[in-house]
Amino acid sequence: MAKAAAQDVQFDLTSKGIDFLGYKALRGILGGIGKSNFGSHDTPYLATGTVGRFDVETGAMTDRTGGATIATFTAIDSAGAPARKEEARRAAGRIPALVNFLSRRLGPYPFGTVGVVADWVPSVGYVLENQTKPHFPGTRKGPYVGSSTLAHELAHQWMGDSISPARWSAIWFNEGWATLMEVTLDHAEGARQTPRRYFRTVYRSAPRRWRIAPARLDGDPRQLFNSFVVYNRPGAMLQGLRMILGNDRFRALARDLADRYAGGNIDRPGFLAATKRASGLRGRKLRRLGDYVRQWLLWERRPRLTPADF
Ligand SMILES: [Zn+2]
């Protein structure tokens, strides 16, 4: 496992009235002119300094899985209309419930703070899972925070931010987990699609969609955010693993990954080894599990193995 070196970053703020949202320790990094210590950390992936004019609220929550107290915050673009800001604030108010939903499945929340930045820059065009604080660009009408997207971005705090991809061709790891957690939350909140049905739907997708292997991406950076290849195929692979391993062992897999790779990077062999350890399988079934993961990540056609083969 490769551990990134700890890095200190400091921002010098030269304009008044600008808020600065740093990383990790919330205290002392909000607002003001002068120097803001960005914090020392060992996972540089998407660790971000955020600068702007925000309505900032702070609070605290308890991670019921790990027992830790986590500082919370919402930062909403001050320029938004009051009703829009209130709507974004209400959506952000679900963060403690979402963190606990995820920590039950993925293990204790990996950072000391959690929040959201609800900006109003719709031209950005995408939501990003910045470490400890997903950034939402808003819509034309103002700041906006969508609930299942928020769950997706929060899942990245475990899978993607704390455990980072060793190289871009491992982005399937980030997006597979986040997509599966989004599907799982949507179902828990009333969506008809169960995670099992999600697996079946993905597996039935047209043959042409399987031509690019998630862990190879044809070596083409344009495929990095291909929704089927990078999000849904790996998401379905993980749901298949949950069906093969069962909920308890699947949860153990997430925790094993955190134990070994939090603050570091993961690659496909590391993931495969963790999956085998968590599976409790032996002999032929263990080898078949290796084949399952390889087919889902490396084949340039539809995988042959599904949970029905275990
Ligand atoms: Zn994502």
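The preceding data block contains the structure.
Residues numbered from 1 in each chain as written. Predicted model: local features only at pLDDT ≥ 70, side-chain atom pairs only at ≥ 80, totals over all residues. Heavy atoms only, no water.

**Q** Sorry, what's going on with the overall build of the protein chain here?
**A** Counting its secondary structure elements, the protein chain contains 9 helices and 10 strands. For the protein chain, with 310 residues in total, the buried portion stands at 50%. Put simply, of all contacts in the protein chain between residues at least 6 apart along the chain, 65% involve residues at least 24 apart. Accessible area of the protein chain: about 14100 Å², with a carbon and sulfur share of 48%. (Helix = DSSP H or I, 4+ residues; strand = E, 2+ residues; numbered from the N terminus. Buried < 20%, exposed > 50% of the residue type's maximum accessible area, 1.4 Å probe, protein only. Contact = heavy atoms within 4.5 Å. Areas by Shrake-Rupley, 256 points an atom, 1.4 Å probe, with all protein chains shown as cover.)

**Q** I tried to follow the packing of aromatic side chains on my own but got confused; where do I start?
**A** One pass over the full model with this rule turns up 15 aromatic pairs. Measuring from centroid to centroid gives 6.3 Å for F173 and W177, while their planes differ by 65 degrees, and the two rings are edge-to-face. Separated by 4 residues within a single helix, F173 and W177 lie in helix 4 (residues 171–188), roughly one turn from each other. For the residue pair F173 and W177, the accessibility class agrees, reading buried in each case. Seen in terms of ring centroids, F199 and W296 are 5.4 Å apart; in terms of plane orientation they differ by 40 degrees. Their pairing is tilted. Of this pair, F199 sits in helix 5 (residues 195–203) while W296 sits in helix 9 (residues 283–298), placing them 97 residues apart in sequence. Residue W296 is classed as buried on the basis of its relative accessible area, which comes to 0%. Stacked on the ring of F101, the Lys or Arg R105 has its end atom at 3.7 Å from the ring centre. When the ring centre of W299 is taken as reference, the NZ or CZ atom of R301 above it lies at 3.8 Å. (Phe/Tyr/Trp six-rings, centres within 6.5 Å; stacked < 30°, edge-to-face > 60°. Lys NZ or Arg CZ within 6 Å of the ring centre and 35° of its normal.)

**Q** How do you make sense of the sheet that holds strand 8 (residues 135–136) when you look at a structure like this?
**A** In a beta sheet, neighbouring strands are held together by backbone hydrogen bonds and run either parallel or antiparallel to one another. Ordered by their spatial adjacency, 4 strands build an open sheet running 5-6-7-8, and the pairing between neighbours is mixed. If you trace the sheet from one side to the other, it starts and ends with strand 5 (54–62) and strand 8, each paired once. (Pairing = 2+ DSSP bridges.)

**Q** Can you walk me through the layout of surface pockets in this structure?
**A** Rolling a probe over the atoms, with the probe sized like a water molecule, indicates the empty space that remains. Approximately 220 Å³ is the volume attributed to the largest pocket. Contributing to the lining of the largest pocket are 14 residues, with V127, L128, E129, E175 and F225 lying nearest its centre. For the lining of the largest pocket, the secondary structure elements donating two or more residues are helix 3 (147–158) and helix 4. Broken down by element, the lining of the largest pocket gets its largest block of residues, 3 residues, from helix 3. Residues that form the lining of the largest pocket fall into these classes: 9 nonpolar, 2 polar and 3 charged. There are two domains that each give the lining of the largest pocket at least three residues, and those are domain 1 (7–158) and domain 2 (166–309). Size it by volume and the second largest pocket reaches roughly 160 Å³. Lining the second largest pocket we find 13 residues, and of these P195, R196, Q239, R242 and N247 sit closest to its centre. (1 Å grid on protein atoms, 1.4 Å probe; cavity = no way out; pocket = protein on both sides within 12 Å on 5 of 7 lines; lining within 4 Å. Points joined across faces, edges and corners; volume = space filled by probe spheres on them. Nonpolar A, V, L, I, M, F, W, Y, C, P; charged D, E, K, R; others polar. Domains from an automatic or database assignment.)

**Q** Could you clarify how one ought to interpret the nonpolar core in this entry?
**A** One broad rule of soluble globular proteins: the nonpolar side chains tend to lie buried together. Of all hydrophobic cores here, the largest spans 65 residues; its most connected members are W177, L257 and F271. Looking at which domains feed residues into this core, each of domain 1 (7–158) and domain 2 (166–309) gives three or more. Counting 8 residues, the second-largest nonpolar core is a separate cluster that includes I171, L224, V230 and Y231. (Core = buried A, V, L, I, M, F, W, Y, C linked by side-chain atoms within 4.5 Å.)

**Q** So what exactly am I meant to see when it comes to helix 8 (residues 268–279) here?
**A** Think of an α-helix as turning once every 3.6 residues; residues three or four places apart then point the same way. If you check helix 8, its first and last C-alpha atoms are 16 Å apart, about what 12 residues at 1.5 Å a residue would give, namely 16 Å. For helix 8, the set of buried residues is G270, F271, L272, A274, T275, A278 and S279. Considering only its buried residues, helix 8 is in contact with helix 4, helix 6 (227–245), helix 7 (247–261), strand 10 (264–266) and helix 9. In this structure D267 caps helix 8, since a side-chain oxygen of it lies 2.9 Å from the backbone nitrogen of G270. (Expected span 1.5 Å × (residues − 1). Polar contact = N/O pair within 3.5 Å; in protein donor to acceptor, adjacent residues only side chain to side chain.)

**Q** Before we go on, may I ask you to explain the pairing of strand 6 (residues 69–77) in this structure?
**A** Within strand 6, 7 of the 9 residues are buried, which leaves it mostly tucked inside the rest of the structure. Examined bridge by bridge, strand 5 and strand 6 share 9 bridges and lie antiparallel to one another. Across the sheet, the residue bridging to F54 is D77, located in strand 6. With antiparallel pairing between neighbouring strands as the criterion, strand 5 and strand 6 make up a hairpin whose turn holds 6 residues, including G67 at a positive phi of roughly 85 degrees.

**Q** Please clarify how the packing of helix 2 (residues 95–106) against helix 4 should be interpreted in this entry.
**A** Two measures define how a pair of helices packs: the angle their axes make with one another and the distance between the axes. Packing of helix 2 against helix 4 brings their axes to within 11 Å, and their N-to-C directions diverge by 115 degrees. In terms of crossing hand, the pair formed by helix 2 and helix 4 is right-handed. Along the contact surface, helix 2 presents L98, F101, L102, R105 and L106, while helix 4 presents W177, M181, T184, L185 and A188. Its residues assigned to classes, the contact of helix 2 with helix 4 comprises 8 nonpolar, 1 polar and 1 charged. (Axes fitted to C-alpha atoms, helices over the stretch in contact; angles between N-to-C directions. Left-handed = near helix turned anticlockwise from the far one by under 90°.)

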